[in-house]
Amino acid sequence: GENVEQHPSTLSVQEGDSAVIKCTYSDSASNYFPWYKQELGKGPQLIIDIRSNVGEKKDQRIAVTLNKTAKHFSLHITETQPEDSAVYFCAASRGGKLIFGQGTELSVKP
Amino acid sequence: ETGVTQSPTHLIKTRGQQVTLRCSSQSGHNTVSWYQQALGQGPQFIFQYYREEENGRGNFPPRFSGLQFPNYSSELNVNALELDDSALYLCASSLGEKTEAFFGQGTRLTVV
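Note that the structure is predicted; figures quoted are calculated from it, not measured.

J.: For this particular structure, what's the right way to read the overall build of chain B?
T.: Helix and strand counts for chain B come out as zero helices and 11 strands. Each helix and strand of chain B, ordered N terminal to C terminal, gives the series β-β-β-β-β-β-β-β-β-β-β. In terms of C-alpha radius of gyration, chain B reaches 13 Å, essentially the compact-globule figure of 13 Å for 112 residues. When the backbone C-alpha atoms are referred to their principal axes, chain B occupies close to 40 × 25 × 25 Å. Scored against the burial criterion, the 112 residues of chain B give a buried share of 48%. Here the analysis covers contacts within chain B between residues at least 6 apart in sequence; of these, 53% occur between residues at least 24 apart. One way to put it: in chain B the 8 positive side-chain charges average out to a point 6 Å from where the 10 negative ones average out.

J.: Explain the side chain of B:T107 here, please?
T.: Take B:T107: it is sitting in strand β11 (residues 107–111). Side-chain polar atoms of B:T107 contact the backbone oxygen of B:P8, separated by 2.5 Å.

J.: Help me understand the nonpolar core, please; the structure alone is not making it clear to me.
T.: Soluble globular proteins tend to pack their nonpolar side chains together in the buried interior. Among the nonpolar cores identified, the biggest contains 25 residues, and A:W35, A:F73, A:L75, A:Y88 and A:L106 are the most heavily contacted of them. Going through the elements one at a time, β2 (10–14), β3 (19–25), β4 (32–38), β5 (45–51), β7 (62–67), β8 (72–77), β9 (86–94) and β11 (104–109) of chain A are the ones with two or more residues in this core. By size, the runner-up hydrophobic cluster in this structure holds 20 residues, among which are B:V4, B:V19, B:I46 and B:Y89.

J.: Where do I start with unusual backbone geometry in this structure?
T.: Keep in mind that most residues, glycine aside, have a negative phi and that most peptide bonds are trans. Here A:H7 and A:P8 are connected by a cis peptide whose omega angle stands at -5°. Structurally, A:P8 can be placed in the loop between β1 (4–7) and β2. One non-glycine residue, A:Q60, lies in positive phi territory at about 60°. Here A:Q60 lies in the loop between β6 (56–59) and β7. A relative accessible area of 73% means that A:Q60 is categorised as exposed. Within the chain, B:A80 stands out as a residue other than glycine whose phi angle is a positive 45°. Relative to the helices and strands, B:A80 is located in the loop between β8 (74–78) and β9 (87–94).

J.: Explain the sheet that holds strand β7 (residues 64–68) of chain B here, please?
T.: Note on sheets: strands pair through backbone hydrogen bonds, and any given pair is parallel or antiparallel. Residue and element names in this part refer to chain B. Reading across the sheet, the four strands line up as β1-β3-β8-β7 and stay open at both edges, with antiparallel pairing between neighbours. Each of the sheet's edge strands pairs with one partner strand only, and the pair in question is β1 (5–7) and β7. If you compare each strand with its neighbour and ignore which way they point, the axes differ by 20° on average. Here five bridges tie β7 to β8, and the two strands are oriented antiparallel to one another.

J.: Please clarify how the sheet that holds β6(A) should be interpreted in this entry.
T.: All names here are of chain A. Ordered in space as β1-β3-β8-β7-β6, the five strands form an open sheet in which the pairing is antiparallel. Looking at the sheet topology across the chains shown, the edges are occupied by β1 and β6. Averaged over all neighbouring strand pairs, the angle between strand axes comes to 15°, with direction disregarded.

J.: Which parts of the structure should I look at to understand the state of the cysteines?
T.: A disulfide bridge is the covalent bond that connects two cysteines by way of their sulfur atoms. Summed over the entire model, instances satisfying the criterion amount to two disulfides over all chains. Disulfide pairing is shown between A:C23 and A:C90; the S-S distance is 1.9 Å. Where A:C23 bonds to A:C90 through sulfur, the torsion about that S-S bond is close to -100°, and the disulfide is left-handed. Here A:C23, found in strand β3, pairs with A:C90, found in strand β9; they are 67 residues apart in sequence, far enough to count as distant. A residue is classified by how much of its surface remains accessible, and A:C23, at 2% relative accessible area, is buried. Judged by its relative accessible area of 0%, A:C90 is buried. Between the sulfur atoms of B:C23 and its disulfide partner B:C91 the distance amounts to 1.8 Å.

J.: Just checking my understanding: could you explain the environment of A:A63 for this structure?
T.: Residue and element names in this part refer to chain A. Along the chain, A63 turns up in strand β7. Of the residues examined, A63 reaches a relative accessible area of 10% and is grouped as buried. Between the C-alpha atoms of A63 and I50, which are 13 residues apart in sequence, the distance is 9.6 Å. Excluding residues within four positions of it along the chain, A63 makes contact with I48, K57, K58, S74, L75 and H76.

Procedures and definitions
- Residues numbered from 1 in each chain as written.
- Chains lettered and ligands numbered in written order.
- Predicted model: local features only at pLDDT ≥ 70, side-chain atom pairs only at ≥ 80, totals over all residues.
- Heavy atoms only, no water.
- Helix = DSSP H or I, 4+ residues; strand = E, 2+ residues; numbered from the N terminus.
- Rg over C-alpha atoms; globule rule 2.2 N^0.38 Å.
- Buried < 20%, exposed > 50% of the residue type's maximum accessible area, 1.4 Å probe, protein only.
- Contact = heavy atoms within 4.5 Å.
- Lys, Arg positive; Asp, Glu negative; His and termini not counted.
- Charge placed at Lys NZ, Arg CZ, Asp CG, Glu CD.
- Polar contact = N/O pair within 3.5 Å; in protein donor to acceptor, adjacent residues only side chain to side chain.
- Core = buried A, V, L, I, M, F, W, Y, C linked by side-chain atoms within 4.5 Å.
- Pairing = 2+ DSSP bridges.
- Axes fitted to C-alpha atoms, helices over the stretch in contact; angles between N-to-C directions.
- Disulfide = S-S within 2.5 Å.

Take a look at the structure:
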């Protein structure tokens, strides 16, 4: 069935370093790939997304890349700050149903 | 413009009882999706409502049901609660099924 694998499950970086989270998806018909940030006790917050007709998208310190052939997509955060600490989820979608990865707990140490 | 709001924020129920969770979609959004998020896991798709009709369902039993109202708000009903139903229930709204989905803060359901 449809599946999204996300790695790593935990990631610890020093403030100012870069962080990279990777996901693979199984459904080749998936055409929309959002990334969400979830802080403790809150709902997921959409931080960036990419559609299947685009290979890369950037928004300030955050960028996402998509390799449709390999069915991989990745989140890149540069110049990390302590407030970037949270759980990050990737998702793949076809027709509005989001299939989420298992999440990555990012810790940015001052 | 208001975001997605869910009520209640927390709820404790006894096994076998029934529960109704509510969601108000973001202004202008006509599609509502519900997700179940167990502790330490990613959200899992329960179902989606578009213009008051169910528009896709995940791998959840029929005791999970829903409604969407003319103002696009929505309810999730769960009958015959089981201990494993304890989770954070999330509602997301979007404009159509192919656009960005924005989540509410969730309802934390505990079944004892």
